[in-house]
Structure formats: structure tokens, C-alpha cells
Amino acid sequence: MIETLAAAPGVEVEDLSPSELLRALRERKAVEDRAAADQLDLAARWADLHPPESIHSAAVFSDGGRYGLQHEEPIAGEGCPAVAEFCIAELGTVLGISSTSAKRLIGHALELRHRLPRLWAQVQAGAVPAWRARTVAEATIHATPSLTVEAARWVDTQVAAVAGRVGPAQLDRLVAETIKRHHLDTHDPATDPDDGYLSVDPRHATVHDQDVHYAGTMRFEAELDIADALDLDRALAHGAETLAALGSVAPLDSRRSQALGDLARTQTALDLHTQGSTAARSEDGLPIAREVVLHAHFDASLDGRDGLDTVFGPTGRLEEGQRLVLFEQVKDWCGDSRTKVTVKPVIDLTTELTAPGYDIPDRIREQVILRDRTCVFPWCSRPARACDIDHVIAYDHDAHTEGRTQPGPTVSSNLAPECRWHHRLKTHTAWRYDVAGPGVYEWTSPHGHRYRRDHTGTTRISGAAAGADPPVRP
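Criteria and thresholds
Residue positions are given per chain, counting from 1 as you read along its sequence in written order. Side-chain atom pairs in this predicted model are given and counted only at pLDDT of 80 or more, local residue features only at pLDDT of at least 70, and totals for whole chains, interfaces and linings cover all residues. To get the side-chain values, all heavy atoms of the structure are used, and hydrogens and water are removed first. Helical segments are the DSSP runs of H or I of at least four residues, strand segments are the runs of E of at least two, and each set is numbered from the N terminus. Per-residue accessibility, obtained with a 1.4 Å probe over protein chains only, is compared with the maximum for each type, and a residue is labelled buried under 20%, exposed over 50%, and partly exposed between these values. Between N or O atoms, a polar contact is any pair within 3.5 Å; within protein, one atom must be a potential hydrogen donor and the other a potential acceptor, and residues adjacent in sequence are included only when both atoms are from side chains. In what follows, residue pairs with any heavy atoms lying within 4.5 Å of each other are defined as contacts. Two strands make a pair as long as DSSP finds a minimum of two bridges between them. Between N-to-C directions, angles span 0 to 180 degrees; the directions come from axes that are lines fitted to C-alpha atoms, helices contributing only their stretch in contact.

(A) Structural context of unusual backbone geometry. Between T144 and the following residue, P145, the backbone shows a cis peptide bond with an omega angle of -5°. As for its placement among the helices and strands, P145 is situated in the loop between α5 (130–141) and α6 (149–160). One non-glycine residue, R373, lies in the positive phi region at around 70°. With respect to the helices and strands, R373 occurs in the loop between α11 (362–372) and β9 (388–391). In this structure R373 comes out as partly exposed when scored by relative accessible area, which is 30%. One non-glycine residue, W379, lies in the positive phi region at around 65°. Its location among the elements puts W379 in the loop between α11 and β9. For W379, a relative accessible area of 24% translates into the label partly exposed.

(B) Focus on the side chain of E366. Turning to its location among the elements, E366 is positioned in helix α11. Among the polar contacts listed, one links the side chain of E366 to the side chain of R385, at a separation of 3.0 Å. Beyond its immediate sequence surroundings of up to four residues, E366 is in contact with I347 and R385.

(C) Here's a closer look at the sheet that holds strand β12 (residues 432–437). Strand order in the open sheet formed by four strands is β12-β13-β14-β15, with antiparallel pairing between adjacent strands. Two strands in the sheet have a free side with no partner beyond their single neighbour: β12 and β15 (457–462). Each neighbouring strand pair of the sheet contributes to a mean axis angle of 25°, computed without reference to strand direction. Sheet analysis places strand β14 (residues 450–454) next to β15, joined by five bridges and oriented antiparallel. Looking across to β15, one finds that R453 is bridged to T458.

As far as function goes, none of this settles anything; it's purely spatial.
In C-alpha cells:
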């Protein structure tokens, strides 16, 4: 606990004058900025020590095949050195951040050092806070079309001079305008009408499914053709008016949002439901259009005179987004006649389930998913339902035929969910983990750092021993 500040030796916090408090705050902010700049420099040096053995083992951002396609983006722009993908995990766990956040940190450090040198120099000199420089790096890494080294240097020249003197919103606008201006300046329709920014289709419709609000909402962002956008606006306005006419007292914005959901559930059923479709239908004859699967978990008890009435708690947990959900919200979602509701039996998470052979039956898979909730690697938050189920102690496919006891049986206590990236990390590197209890795992990194992971999160057990030998790849 900090009992005194550096205003004067022995001075109590309560005795500081307003001007001394402001001076102390300024000093602490300077220390914080210096530490953040040093962290960027150290992250870049860590990357220097870990070049990939081949381009196929370089770290990238991947959407994991979402929407049916595997899409990968580099962690830093053209001209930056590649980084071995599995060195990311060691850095991330030491900092107490996810592997994705560690990729982003290293990518920003390399982007600044190699492609935005003026901004990098200002960060290291203390003239620009590291977080501001990182917002610029994020924009130049993922610019569309991608920026060449020369283009990134041009953006660096335009932005570095003012990055430390403008607010965050103004800096974001400046970076976006500078990138767009560069694309416009370098585009020559006479030589190649399809080159440059005109060939980029900015249209998209994106659901931010990792950003779930406690109110039970999710952000949907879209860039539409002008005509499509105007048509959609008119449809939402009409839908909002219809809801109001039917008695809705919700605000206009809420009714427009609800109208968009109504469009999603009914648009494909307007004429097709009478044309020989064999799809399941609701009471009004329309196909069941809501295809989204949500997993909500609520505590329940038996009540009533006969003890057969089920009483649910007012709040529960939604697996998608790992957020709180209200029971009344679920009742509203299920109240739509075109929503198919499936109630699954309760699974005892403490029972040891077993199965012969290597394959994991659905009942054991579901139990492991519900028990651990997410990937069990330190600080990873990937939902368990999207993970591989790993045998903690590897299953020996030759044990039965050779008459040996199976060292890695398919039982609840020997199974854990791991996202595909961390599953590969565990398989191909010196990272190791053991089961310390039901749903409790202890990980050891190649450098000897140890972490405990359970359903409540990650705890650091110990750091590497002083003078520890460098890791040896198995």
C-alpha cells in the first residue's frame, strides 16, 4: 500500500496540497508512459530473438475460418520482420494478457519501429504516449488497401508532428484522413482504372459477437450501398411505426432495432413458405427462421405444494459472450412463435464420466464444456464450445494391443478444452500442464513460469528461477 507520495519525505497523502497532488499525478503519469514505451521496446526485442523457422510458422491474426473462410492477416505491415508464432504465448502470460493481445503488442512495436520511425522515436523520447502511437500502428497495419513501406512512412511524416498535441478522436480522424489522402494521391485512373482505393469494396455487415452488453444486446455494424442503405432505413422506419401502432411504448431507436431483427426472422419466409418447403414450421405456418443457438444457464429449484414446479433464478449466464443474462430476456426471446426451444437435461459437473477408446462422446464433451467454460490456457477467453477437447495426458493408441494400461484414458478428469491455437502450442512446444483438481490446471511455460487456471480465471504461481537454463524444444 502506498502511504506517502514523493512530494516530500514523510508527508502523508492527506496532507498534500492541491498543487502537490497535481504534481504527484503528473509524475506518476510520466512513469506510466515511460514504462509503456519500454514495454514496446522490449516486445520488439523479444520478437528479434524469435524469428520463424519458415513463413508457415510465422505469427498471424486468423479468424479461425469464420463464415466458412480461413482469413489471415500479418501482425505487422510489409517490411516488418516475421515472428515465430509460439513465442507469443510466453510473452503474453508473463504480462497477464491473452495471446491475441500479445500478438497485437508485438505487432504494434514492430510496426512503429520499422514503418513509423518518427512516431517510434517520439514515443521513446517521451513526447508521445505509447497508447496513442499504438492506435496509429493499428490503423496502418490493417489499412485497406494495405500500405507499402513508403506509404506508411508518408503517414508517419504527416502524423508524428501532431500526435502528442491532439486528442484521441482527433488523432483517429487525422490518421484515417491521411491514409485516404495517400490512396487518392497515388491513384491514377488513366493508367489503371481498377487500381488503388476504387477497387476496394468497403461494404460489409459485421456482428461484433465478442462484445455482448449486460443488457443482452450485441453490436451490428454495416457499410451498405447508398441505395440499399436508404431502402433499409425506410424499412426500419416502417417497422418502428408498425410496432408503435401495435402498442409498443419503446423508444424509437429500440423499435428500429427490433424491426431489424424482425426483418432477419421473416424476410426469407415471405413467399417461400408456400413453395413446397419441408422445413419445420411454427404455429402460423412460417418456417422456423431463428437459427441462432444460444446456451443460457440458470439455477433452478423445485417449489410448490407437490414440489414439481420449477423455479428459475432471475439471472443466469450466457455462454455466448460470457455475460450475465436476465431470465425475463430469455422468456422474451423464446416467446416468438418462430423460435425453436430445446431444453437439455441437467449435467452433474462433478461426476466422473468415462468412455472406452479415444473418441469423446457428446455427453462427456458437453460436461467438459460446461465445467471449464473457456479454453483453459492462461488468460485465454475463447468459449469452450468452440474449442478442441484435449486429452491432458496423451492417449496411447498402442496401449491396448500391447497389453499396457492406458496412460491417457477418455475420462472427465483427463479432458480439457483448448482453442485450436493453444492446442497446437501444447502439442508442438515445451508448454506443459497438469490437472490439479476438477477443472483446475497448472501450466508450466518453456521458461519455467507457472500458472494456475480454473473457471474463475488465471493465477500466477511462480516466475522462472533465477539463472534458469534456456528452454529446449522437445
